[in-house]
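What follows is each chain in one-letter form.
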Amino acid sequence: MRLALLLFSSSLVPKPRSPSKTLLLLPFSSAAAAAAAGAAEGMDSSASASASSVSLREALAEKQAAVDAQGDAVRALKARAGAGRAEIDAAVDALKALKLEAAALSRQIQSSAAAAVAGREALRQAVVNTLERRLFYIPSFKIYRGVAGLFDYGPPGCAVKSNVLAFWRQHFVLEEGMLEVDCPCVTPEVVLKASGHVDKFTDLMVKDEKTGTCYRADHLIKDFCKEKLEKDAALLPPEKAAEFQHVLAVLDDLSPEEMGAKIKEYGITAPDTKNPLSDPYPFNLMFQTSIGPSGLSPGYMRPETAQGIFVNFKDLYYYNGNKLPFAAAQIGQAFRNEISPRQGLLRVREFTLAEIEHFVDPEDKSHPKFGDVADLEFLMFPREEQLTGKSAVKKKLGEAVSKGTINNETLGYFIGRVYLFLTQLGIDKDRLRFRQHLPNEMAHYAADCWDAEIECSYGWIECVGIADRSAYDLRAHSEKSGVPLVAHEKFPEPREVEKLVITPSKKELGLAFKGNQKMVIEALEAMKETEALEMKAALESKGEVEFHVCTLNKSVTIKKNMLSISMEKKKEHQRVFTPSVIEPSFGIGRIIYCLFEHCFYQRPSKAEDEQLNVFRFPPLVAPIKCTVFPLVKIEKFDVVAKKISKALTTAGISHIIDITGTSIGKRYARTDEIGVPLAITVDSTTSVTIRDRDSKEQIRVDIEEVASVVKEVTDGQSTWADVMWRYPTHAVSHTDEEPADEE
């Protein structure tokens, strides 16, 4: 009896355990749910909600273990000769109590998950409704029922986008001295053939066998696994939960056959019709076109802007005085024929990219300005933490580079600059993390890759990729075009170096391989030193060797008389090399949507049961910097309002003037809803009040000083708190809590 009661009592206190990988799959933060419910600005952080959910799951796991142990104890008691009836009954009662507690925890987890999902959806609906109603963006071709994956930005959306791009240029192009280019969207096939896009830029697609509707195979499997882990977590056996987590981790690695097998195993059907699905097959995501009327010159709408920079490397290198390192940048449209666009602005068919290609000596990836960002501390999610089921942790950038977590200083420098860019835009630093690519996600040529991921109601969304792509792109275009895309390092004095010399015998290779001679020669000449020396040793010992030719996709037999391989000493006056590329690539639409969610909140209005929608945009990105309102519609106030408007225009401050005579409360609410930081109210002919959007505090300023004060705050020279000290506050005598009119 003592054993049974001991098991029962010890199970009441969950033991501390390391967070499970299911943390990645937990519902969205309580901050988002609170915003959707109209909570005030002091909202709980996402970390506390996640920690609470994790502790519930851990408690359930502990309770389930206690149930199993108590069941074993009951069976042992019943099997033991001489066990008393009272002792067995007590053990059975303890087992029943544990089962009841486990069931209660299970219901609590399900309820918590359902509430969090509902909170996410409520936030998203509130944000999207406001954005569309106030014309930040709307579906394209709306009067013709629209086209999936295409959106139009309206006036405030265009202004936000323009401000984000202007800050991107300031933060990167101007401050880093980058070379900006603007290349065509239409790209000849040969360029994208060299880059690998024609052959490999694909997603696996399945079709509804009855309607022909297309879906991305990996999305269907991902949605199925996440739904099971989120909504049915309490009912899943541990081994099944582990299986779903494993599938999510290796999804990018699955072949078409393996993905098809998973779809069949899980009984996944078409989401809309529940009809059976076809086997997965690759679908190229590029929009194909032809250049010129003959149709003989195939081309594509570019899927990224980077290739225009790579093919111009030689000219850009010359423009930069034949010096490395240097960076080229480009902002432009890119096109991807997504199989099943969804998630609003997050997955679209035409979008804006801002990309940087930083060319650097592969033997020296240090950065002179790394010290400027080395002390930054933010959430990082290295691959070791992902593979061991841990969560993202705050780390100092300098420490991550010195320990080799981040491959080199230049990559680390750009990660730091990306962090500063996003947080200064208004992205919440506690919902921003940098996740390192897992081995199965990285291209074979990449040295290291990180994604800046932002948490929103859709989960963690990749918004910026920062990759060390080595020299792959320039080499690929050099080989395809025949134009050497290389850099030079001149030596002060000539150096004697030992060089690998491969001399193919064209006669012997021509006799052996005929039409394939050229491809075999190219493959032999492209051998690295180690591979060539191994071939030399094999030829000397055996007389022949098997050699794989990638372009032929088969192995051929190379004999001793077909080539000579040697190491020769030569004097060199310069070093010729292909530069490595560090590439930060920004999905502007994704960043903007996450910014919308992070800046959105609701506050109570004076009207009962109504909430006021507010976008807390920093002045840097706000679509309009201030508004001008005559308090009442009389001519003398209108004259002052127009005078202030002219001064603001001269100062280059975007603003709107509203002389409609609508109540001041409604006018405040309308402008708060599109994120205008400051409102000027004309209530006299000598001075006016300036109202801050978030605190709703007001100061009184002379008319001649208004434009300079607004410019000071919106340009970031001073904060609202700074100007509050310098000017008298104004006690609000009118209401500013009225809901905005529906527009």
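Before any of the text, the structure's been laid out above.
Our subject in this report is the structure included herewith.

The rules behind these values
- Per chain, residue numbering runs from 1 following the sequence as it is written.
- Two thresholds apply to this predicted model, a pLDDT of at least 70 for residue-level local features and 80 or more for giving and counting side-chain atom pairs, whereas whole-chain, interface and lining totals are computed over all residues.
- Note that the side-chain values use all heavy atoms of the structure and ignore hydrogens as well as water.
- Each helix is a run of DSSP H or I of at least 4 residues and each strand a run of E of at least 2, with the numbering of both proceeding from the N terminus.
- Buried, partly exposed and exposed residues are distinguished by accessible area as a fraction of the type maximum, computed with a 1.4 Å probe on protein chains only: under 20%, between the cut-offs, and over 50%, respectively.
- Whether two residues are in contact is decided by their heavy atoms, any of which lying within 4.5 Å being enough.
- Here the accessible surface of atoms and residues is derived via Shrake-Rupley with a 1.4 Å probe, and residues count as covered only by protein chains that are part of the display.
- Strands were regarded as paired on the criterion that DSSP finds at least two bridges between them.
- Nonpolar side chains (Val, Leu, Ile, Met, Phe, Trp, Tyr) within 5 Å and like charges within 9 Å form the patches, drawn only from residues with over 30% relative accessible area and no salt bridge.
- Salt bridges are defined by distance alone: a side-chain nitrogen of Lys or Arg within 4 Å of a carboxyl oxygen of Asp or Glu.
- Charged residues are defined here as Lys and Arg on the positive side and Asp and Glu on the negative side; His and the ends of the chain fall outside this count.
- We put the charge of a Lys on NZ, of an Arg on CZ, of an Asp on CG and of a Glu on CD.
- What a helix is expected to span follows from its residue count: subtract one and scale by 1.5 Å.
- Summarising the geometry, the arc corresponds to the directions from the helix axis toward the C-beta atoms.
- Angular values range over 0 to 180 degrees, each being the angle between N-to-C directions of two axes fitted as lines to C-alpha atoms, with helices fitted over their stretch in contact.
- Polar contact is the term for a pair of N or O atoms within 3.5 Å; when the atoms are in protein, one must be able to donate a hydrogen and the other to accept it, and sequence-neighboring residues count only if both atoms are side-chain atoms.
- By definition, any crossing whose near helix is turned counterclockwise from its far helix by less than a right angle is left-handed, and any crossing with a clockwise turn is right-handed.
- Under this grouping Gly is polar, as are all residues other than the nonpolar Ala, Val, Leu, Ile, Met, Phe, Trp, Tyr, Cys and Pro and the charged Asp, Glu, Lys and Arg.
- Only buried residues count toward a nonpolar core. Its members are Ala, Val, Leu, Ile, Met, Phe, Trp, Tyr and Cys residues joined through side-chain atoms within 4.5 Å.
- What marks off one domain from the next here is an automatic or database domain assignment.

Focus on the overall build of the protein chain
In terms of regular secondary structure, the protein chain is built from 24 helices and 28 strands. Evaluated residue by residue, the protein chain yields a buried proportion of 49% over its 743 residues. Nonlocal contacts in the protein chain, meaning residues at least 24 apart in sequence, comprise 69% of its contacts between residues at least 6 apart. When the accessible area of the protein chain is evaluated, it comes to approximately 35,700 Å², of which 53% is carbon and sulfur surface.

A look at the sheet that holds strand 3 (residues 179-180)
Strand pairing in a sheet is mediated by backbone hydrogen bonds. Such pairs are either parallel or antiparallel. Strand order in this open sheet of 9 strands is 3-10-11-21-16-15-14-12-13, and the pairing throughout is mixed. Where the open sheet ends on each side, the last strands, each with one partner, are strand 3 and strand 13 (393-396). With 4 bridges joining them, strand 12 (residues 377-381) and strand 13 adopt antiparallel strand pairing. Looking at the pairing, Met 380 lines up with Val 393 of strand 13.

Structural notes on a nonpolar patch on the surface
A cluster of nonpolar residues, Phe 141, Ile 143, Tyr 144 and Val 147, forms a patch on the protein surface that exposes about 520 Å² of accessible area. Tracing the backbone shows Val 147 in the loop between strand 1 (137-139) and strand 2 (151-153). Here Val 147 falls in the partly exposed class, since its relative accessible area comes to 41%.

With respect to a negative patch on the surface
On the surface, a cluster of negative charge is contributed by Asp 252, Asp 253, Glu 257 and Glu 258. Tracing the backbone shows Asp 253 in the loop between helix 9 (238-250) and helix 10 (256-265).

Overview of unusual backbone geometry
A cis geometry characterises the amide bond from Leu 324 onward to Pro 325, with omega recorded as -5 degrees. Of note, Pro 325 is situated in the loop between helix 12 (313-319) and strand 10 (326-335). Despite not being glycine, Gln 343 shows a phi value in the positive range, around 60 degrees. Tracing the chain through its elements places Gln 343 in the loop between strand 10 and strand 11 (350-360).

Describing the pattern of salt bridges
If you walk through the whole model with that rule in mind, you get 43 salt bridges. Measuring nitrogen to oxygen at the nearest pair gives 2.9 Å for the salt bridge that ties Arg 435 to Glu 453. A residue pair is termed long-range when its members are at least 10 positions apart, and Arg 435 in strand 14 (residues 432-436) and Glu 453 in strand 15 (residues 448-456) qualify at 18 residues. Each member of the pair, Arg 435 together with Glu 453, is buried. Glu 489 is the salt-bridge partner of Arg 575, the closest N and O atoms lying 2.7 Å from each other. Note that Arg 575 is positioned in strand 20 (residues 563-577) and Glu 489 in strand 17 (residues 487-504), a separation of 86 residues in sequence. Its relative accessible area of 31% is what places Glu 489 among the partly exposed residues.

Some details on helix 9
In this model, helix 9 (13 residues) spans 19 Å end to end at C-alpha, consistent with the 18 Å of a helix rising 1.5 Å per residue. Those residues of helix 9 that sit buried are Ala 241, Phe 244, Gln 245 and Val 247. The buried residues of helix 9 occupy an angular sector of 155 degrees when the element is viewed end-on, so they sit on one face. Opposite the packed face of helix 9, turned more than 90 degrees from it, sit the exposed residues Pro 238 and Glu 239.

Regarding the sheet that holds strand 25 (residues 655-657)
Ordered by their spatial adjacency, 5 strands build an open sheet running 25-24-26-27-28, and the pairing between neighbours is mixed. The open sheet has two free edges, formed respectively by strand 25 and strand 28 (698-702), since each of these has just one partner strand. Averaged over neighbouring strand pairs, the angle between their axes works out to 25 degrees when direction is ignored. Note: strand 24 (residues 626-630) against strand 25, 3 bridges, orientation parallel. From the neighbouring strand, Thr 627 faces strand 25, where its bridge partner is Ile 656. The strands touched by helix 21 (residues 635-650) are strand 24, strand 25, strand 26 (678-682) and strand 27 (687-692); relative to strand 24, the strand with the most contacts, the crossing angle is about 165 degrees.

So, the pairing of strand 16 (residues 459-468)
Along strand 16, 7 of the 10 residues are buried, which leaves the element largely enclosed by surrounding structure. As defined by bridge partners, strand 15 adjoins strand 16 across 9 bridges and the pair is classed as antiparallel. Paired with Glu 455 across the two strands is Trp 460, which belongs to strand 16. Taken together, strand 15 and the strand that follows it, strand 16, pair antiparallel across an intervening segment of 2 residues. Bridge count between strand 16 and strand 21 (residues 580-587): 5 bridges; the pairing is antiparallel. Across the sheet, the residue bridging to Ile 466 is Pro 584, located in strand 21.

Considerations on the side chain of Ser 140
Counting through the fold element by element, Ser 140 comes out in the loop between strand 1 and strand 2. On the basis of relative accessible area, Ser 140 is assigned to the buried category, the value being 3%. A polar contact of 3.1 Å, which involves the side chain of Ser 140, links it to the backbone nitrogen of Phe 151. In this structure, Ser 140 is in contact with Gly 146, Val 147, Leu 150, Phe 151 and Asp 152, ignoring residues within four places of it in sequence.

What to know about the packing of helix 5 (residues 155-174) against helix 15 (residues 409-425)
Between helix 5 and helix 15, the least distance of the axes is 11 Å, while the angle of their chain directions is 145 degrees. The element helix 5 and its partner helix 15 pack so that their crossing is right-handed. Residue-level contacts link Val 164, Phe 167, Trp 168, His 171 and Phe 172 of helix 5 to Arg 417, Val 418, Leu 420, Phe 421, Gln 424 and Leu 425 of helix 15. Residues that form the contact of helix 5 with helix 15 fall into these classes: 8 nonpolar, 2 polar and 1 charged.

Some words on the nonpolar core
One finds Trp 168, Phe 421, Phe 434, Phe 586 and Phe 596 to be the most contacted residues of the largest nonpolar core, which totals 71 residues. Ranked by residue count, the leading element in this core is helix 15, at 9 residues. Split by domain, the residues of this core number at least three in each of domain 1 (56-72 + 85-133) and domain 3 (624-726). Leaving out residues up to four positions away in the same chain, Phe 421 has contacts with Val 164, Phe 167, Trp 168, His 171, Phe 172, Phe 586 and Ile 591. Ranked by size, the runner-up nonpolar core spans 24 residues in total, among them Val 640, Ile 699, Ala 707 and Trp 720.

Description of the packing of helix 8 (residues 217-231) against helix 9
In the contact formed by helix 8 and helix 9, the axes pass within 10 Å of each other and the chain directions differ by 145 degrees. Where helix 8 crosses over helix 9, the handedness of that crossing is left-handed. Here helix 8 contributes Ile 221, Lys 222, Phe 224, Cys 225, Lys 226, Lys 228 and Leu 229 to the contact with helix 9, which in turn contributes Ala 241, Phe 244, Gln 245, Val 247 and Leu 248. Residues that form the contact of helix 8 with helix 9 fall into these classes: 8 nonpolar, 1 polar and 3 charged.

Points about the pairing of strand 28
Of the strand pairs in this sheet, strand 27 and strand 28 are connected by 5 bridges, and their pairing is antiparallel. By the bridge assignment, Val 688 is partnered in strand 28 with Val 701. As consecutive antiparallel partners, strand 27 and strand 28 are separated by 5 residues, and within that stretch Lys 696 has a phi angle of approximately 65 degrees, a positive value.

Let's talk about the environment of Val 173
Note that Val 173 resides in helix 5. Here the alpha-carbon distance between Val 173 and Gln 330, two residues 157 residues apart in the chain, equals 9.3 Å. Beyond its immediate sequence surroundings of up to four residues, Val 173 is in contact with Trp 168, Met 178, Glu 180 and Ala 329.

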